[in-house]
Amino acid sequence: MDGVGMAVTVLIAFMAFDYATGNMSGVINQNLNSRVGFQRHHTKNLLLNASWLSVFTRASYYRYRVPR
């Protein structure tokens, strides 16, 4: 696995950890809110899509560029 793939894997692991601890905190404090959960999930999804987009555009740029 290259460096970018490892970075995305670590990002996913930290996102999963953040999601789990956020849910545990909501349950313990008894203020679990579906709207807040949806907003956090949406933010994480945008971050993940942006990182994947940067990986794929960088890979396609180096793969398909025209040599001079």
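Asks: Tell me about unusual backbone geometry, and please be specific about residues and values.
Replies: At Gln30, a residue that is not glycine, the phi angle is positive and equals roughly 55 degrees. You can see Gln30 is positioned in the loop between helix 1 (3-29) and helix 2 (34-64).

Asks: How would you explain the side chain of Lys44 if you had to name every residue and give the values?
Replies: Take Lys44: it is sitting in helix 2. If sequence neighbours within four positions are ignored, Lys44 has contacts with Met15, Asp18 and Tyr19.

Asks: Could you give an account of the pattern of salt bridges, naming the residues involved and the relevant values?
Replies: A side chain of one charge can pair with a side chain of the opposite charge when the charged atoms of the two come close. Considering all chains together, one arrives at 2 salt bridges under this definition. A salt bridge links Asp18 to Arg40; the nearest nitrogen and oxygen atoms lie 3.0 Å apart. Remark: Arg40 occurs in helix 2 and Asp18 occurs in helix 1; sequence separation between them is 22 residues. The exposure class assigned to Arg40 is partly exposed, which follows from its relative accessible area of 35%. Here Lys44 and Asp18 are joined by a salt bridge, their closest N and O atoms 2.5 Å apart. With a gap of 26 residues between them, Lys44 in helix 2 and Asp18 in helix 1 connect regions that are remote in the sequence. The class of Asp18 is partly exposed, set by a relative accessible area of 29%.

The rules behind the values
- Sequence order sets the numbering: in each chain, residues are counted from 1 along the sequence as written.
- Local features in this predicted model are restricted to residues whose pLDDT is 70 or higher, and side-chain atom pairs enter the listing and the counts only when it is 80 or higher, whereas totals over whole chains, interfaces and linings include all residues.
- For side-chain calculations, the full set of non-hydrogen atoms in the structure is used, while hydrogens and water are omitted.
- Note on conventions: DSSP H or I runs of at least 4 residues are helices, E runs of at least 2 residues are strands, and numbering of each starts at the N terminus.
- Contacts were defined at the residue level, with two residues in contact if any of their heavy atoms lie within 4.5 Å.
- By definition here, a salt bridge exists when the distance from a side-chain nitrogen of Lys or Arg to a carboxyl oxygen of Asp or Glu is within 4 Å.
- For each residue, the accessible area found with a 1.4 Å probe, counting protein chains only, is set against the maximum for its type, and the residue is called buried under 20%, exposed over 50%, and partly exposed in between.

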